[in-house]
Amino acid sequence: MHSKRGQRGVVLIVVLWVVALLTILLAAFVATVRVERQSVADVSLGIQARAAVDGVVNYLAALTAVNAPELEEMPGHRYELVLNELNVSFRLVPESVFVPINTLDVQQLETVFAGMGLEQPAERAAQVVEWRNEELEEDTGELRPAIRIRSLMHLAHLLELDIEQIRPYERWLSFWGEHQGVAPGYVPDEVLDALGLQVTGEDSGQLQWDPAGVYRVQVEVDGGRRPRQIEAIASFSDAESGVLQINEYNAVFSLNDLSE
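For clarity, every value in this text was computed on a predicted model and none was experimentally measured. (Residues numbered from 1 in each chain as written. Predicted model: local features only at pLDDT ≥ 70, side-chain atom pairs only at ≥ 80, totals over all residues. Heavy atoms only, no water.)

## Considering the overall build of the chain
- A tally of regular secondary structure across the chain gives six helices and nine strands.
- Split into buried and exposed, the 260 residues of the chain put 37% on the buried side.
- The long-range fraction of contacts in the chain, counting pairs at least 24 apart against all pairs at least 6 apart in sequence, stands at 58%. (Helix = DSSP H or I, 4+ residues; strand = E, 2+ residues; numbered from the N terminus. Buried < 20%, exposed > 50% of the residue type's maximum accessible area, 1.4 Å probe, protein only. Contact = heavy atoms within 4.5 Å.)

## Description of the sheet that holds strand β9 (residues 241–247)
- Reading across from one edge, β1-β2-β7-β8-β9 is the order of the five strands in this open sheet, with antiparallel pairing throughout. What marks the edges here is a single partner per strand, and that holds for β1 (78–83) and β9. On average, each strand axis in the sheet is tilted by 30 degrees relative to the strand beside it, whichever way the strands run.
- Summarising the sheet, strand β2 (residues 86–94) and strand β7 (residues 214–221) pair through seven bridges and their orientation is antiparallel. Paired with F90 across the two strands is V219, which belongs to β7. (Pairing = 2+ DSSP bridges. Axes fitted to C-alpha atoms, helices over the stretch in contact; angles between N-to-C directions.)

## Let's talk about a nonpolar patch on the surface
- Taken together, the side chains of V14, V18, L21, L22 and L25 make up a nonpolar region of the molecular surface, amounting to roughly 460 Å² of accessible area.
- For V18, the location among the structural elements is in helix α1 (residues 2–65).
- Relative accessible area serves as the criterion here: at 42%, V18 is assigned to the partly exposed category. (Patch = residues over 30% accessible without salt bridge, like charges linked within 9 Å, V, L, I, M, F, W, Y side chains within 5 Å. Areas by Shrake-Rupley, 256 points an atom, 1.4 Å probe, with all protein chains shown as cover. Salt bridge = Lys/Arg side-chain N within 4 Å of Asp/Glu carboxyl O.)

## Notes on the pattern of salt bridges
- According to the stated counting rule, one finds eight salt bridges in the structure shown.
- Notably, a salt bridge pairs E248 with R50, separated by 2.9 Å at the nearest N-O pair. Note that E248 is positioned in the segment after β9 and R50 in helix α1, a separation of 198 residues in sequence.
- Take R50: its relative accessible area is 33%, and that puts it in the partly exposed class.
- Across the pair R78 and E80 runs a salt bridge whose closest N-O atoms are separated by 3.7 Å.
- Salt bridges here are not isolated pairs; linked through shared partners, they connect R78, E80 and E220.

Printed below as a string of structure tokens:
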């Protein structure tokens, strides 16, 4: 009698273990499916966001082609479009309001690098300015072309920096603008103060449209738990039109406030 009860107890324990194991496996399966569904949704949203950028750039290019008067009011303001039944918000910001790494003089660059907390800011600034000119390599006798810094990662690589040290300033830097100073209306005063810079020109509270300028097109696509943001550098002039660079993965901005 006791033997049968013992066997029943063992069977019950085994059944409970099997049920617990199946529960764990089911939970893991559900979690995997959820992650895969989210991954697919993220990929799909990313494709839609990239297509939205192309749509917005083409829309702005069309306005430029006909010299639409609306362009005069567009820089700095939020606009919304519906593209393929997708709600898309965007903003156009001229590169002239950002800190131009490729055109600041050596003294300005030194103050910027010092504000970033870099060691030997004077030497690093001099090196960047030297790279802007063609140079004959003494070892090989070959002419080294001028180096134009294209991104924060490129800057960190050339100066042998930890990119995370300068990452907080990425959104305020321009690697495409040809301007010398920083136009008012975008970079916060506390950032300019930290970098030892001042804005140039009068702050009219209105960003200016320049058909020959380069612009940062900030696009936000509704979808999922949070909107997908993507940022493109684009030109709309006859000489060089279209997307020059695109940031799909770590763009951070607010379309509601120029200083965010």
